[in-house]
Amino acid sequence: MKLHLRLVFLDHQVAPDKVILTPAKPADKTQMDALVVVEPDALNVFNRGYVDYRKFDAYCANKTKFVTRLKDNAVIHEVIEERTVPDDSPVTREALVRLGSYPNYVMKYTLRLIETTDSEGKRVVILTNDMAMDAEQICDVYRKRWQIGVSR
């Protein structure tokens, strides 16, 4: 069994908002429509199991913001721009990219690719369609999603 959980963060409180149980076999991305929040102020943060380039394009088209991790086997179709990163930043790279490959699917919309390292020094590649938030904040948002399951 898999548990797909949507949490709401509001006023420094965390509360479960939606729970979906599925058999272990179906891909995580099959639950994206049920879990993604489309309100303009929402920022959806999900792991790399929830990857679907067509859905990412749809989210970009309707301004549904998201942050996720890039899969190791993802294909960067085009690097549109490499952005300057401050030397003292935990961000090691920021670029604007389009993902996908022919004949499968190439995204129409541009995403931000942000590279950083985790607490063990391993490379982490994050994607977002939020063009306004600072790159370090995006890294922090993704990093904090791992702290959800920790009880104190």
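Structure's up top.
If you're wondering where the values come from, they're calculated on a predicted model, not measured in any experiment. (Residues numbered from 1 in each chain as written. Predicted model: local features only at pLDDT ≥ 70, side-chain atom pairs only at ≥ 80, totals over all residues. Heavy atoms only, no water.)

Draft legend 1. Spotlight on the side chain of D57. With respect to the element layout, D57 can be found in helix α2 (residues 53-61). For D57, which is buried and forms no salt bridge, the nearest opposite charge comes from K108, at a distance of 4.8 Å. Excluding anything up to four places from it in sequence, D57 contacts Y105, V106, M107, K108 and Y109. (Helix = DSSP H or I, 4+ residues; strand = E, 2+ residues; numbered from the N terminus. Buried < 20%, exposed > 50% of the residue type's maximum accessible area, 1.4 Å probe, protein only. Lys, Arg positive; Asp, Glu negative; His and termini not counted. Salt bridge = Lys/Arg side-chain N within 4 Å of Asp/Glu carboxyl O. Contact = heavy atoms within 4.5 Å.)

Draft legend 2. Structural view of a negative patch on the surface. Where like charges cluster on the molecular surface, the negative patch consists of D87, D88, D134 and E136. Counting through the fold element by element, D134 comes out in the loop between β9 (123-128) and α3 (135-144). Classification of D134 by relative accessible area gives partly exposed; the value is 42%. (Patch = residues over 30% accessible without salt bridge, like charges linked within 9 Å, V, L, I, M, F, W, Y side chains within 5 Å. Areas by Shrake-Rupley, 256 points an atom, 1.4 Å probe, with all protein chains shown as cover. Charge placed at Lys NZ, Arg CZ, Asp CG, Glu CD.)

Draft legend 3. Just unusual backbone geometry, in detail. Following Y102, the chain continues to P103 via a peptide bond in cis, the omega torsion being 5°. Summarising the element assignment, P103 is placed in the loop between β6 (93-101) and β7 (105-106).

Draft legend 4. Representation of a nonpolar patch on the surface within the structure. Taken together, the side chains of M1, L3, L5, V19 and L21 present a nonpolar region at the surface, about 550 Å² in accessible area. Looking at the nonpolar patch, the elements that each hand over two or more residues are β1 (2-10) and β2 (13-22). You can see L5 is positioned in strand β1.

Draft legend 5. Structural view of α3. Every buried residue of α3 is accounted for by A135, I138, C139 and Y142. An end-on view of α3 places all buried positions within 100° of arc, on one side of the element. Close packing links the buried residues of α3 with β3 (43-46), β4 (65-69), β6, β8 (111-117) and β9. The N-capping residue of α3, defined by a side-chain oxygen 2.9 Å from the backbone nitrogen of E136, is D134. (Arc of directions from axis to C-beta. Polar contact = N/O pair within 3.5 Å; in protein donor to acceptor, adjacent residues only side chain to side chain.)

Draft legend 6. How the structure looks around the nonpolar core. Grouped together as the largest cluster of nonpolar side chains are 18 residues, with contacts concentrated most on Y53, F56, F66, L99, M107, L111 and L127. Among the elements of the structure, α2, β6, β8 and β9 are those that each provide at least two residues to this core. No other element matches α2, which puts four residues into this core. Core analysis: the next-biggest nonpolar cluster, separate from the first, contains ten residues, V85, I138, C139 and Y142 among them. (Core = buried A, V, L, I, M, F, W, Y, C linked by side-chain atoms within 4.5 Å.)

Draft legend 7. Region of the structure containing α2. For α2, the set of buried residues is Y53, F56, D57, Y59 and C60. Taken around the axis of α2, the buried residues stretch over an arc of 160°, which confines them to a single face. Backbone nitrogen of R54 and a side-chain oxygen of the N-cap are separated by 3.0 Å at the start of α2; the cap is D52. Positive backbone phi, approximately 65°, marks K63, located one or two places after α2.

Draft legend 8. Fine view of the side chain of N129. Along the chain, N129 falls in the loop between β9 and α3. Classification of N129 as buried rests on a relative accessible area of 13%. Side-chain polar atoms of N129 contact the backbone nitrogen of F66, separated by 2.9 Å. When near neighbours in sequence (up to four residues on either side) are disregarded, N129 contacts Y59, C60, T64, K65, F66 and L111.

Draft legend 9. Spatial organisation of the packing of aromatic side chains. Across all of its chains, the model carries five aromatic pairs by this definition. Residues F56 and F66 carry aromatic rings whose centres are separated by 4.5 Å and whose planes lie at 25° to one another, so their mutual orientation is stacked. In this pair, F56 sits in helix α2 while F66 sits in strand β4, placing the two residues ten residues apart along the sequence. F66 matches F56 in its accessibility class, with the two residues each being buried. Each ring, one from Y59 and one from F66, has its centre 6.0 Å from the other, and the planes form 65°; the classification is edge-to-face. Each member of the pair, Y59 as well as F66, is classed as buried. A network of ring pairs unites the aromatic residues F46, Y53, F56, Y59 and F66 as a single cluster. (Phe/Tyr/Trp six-rings, centres within 6.5 Å; stacked < 30°, edge-to-face > 60°.)

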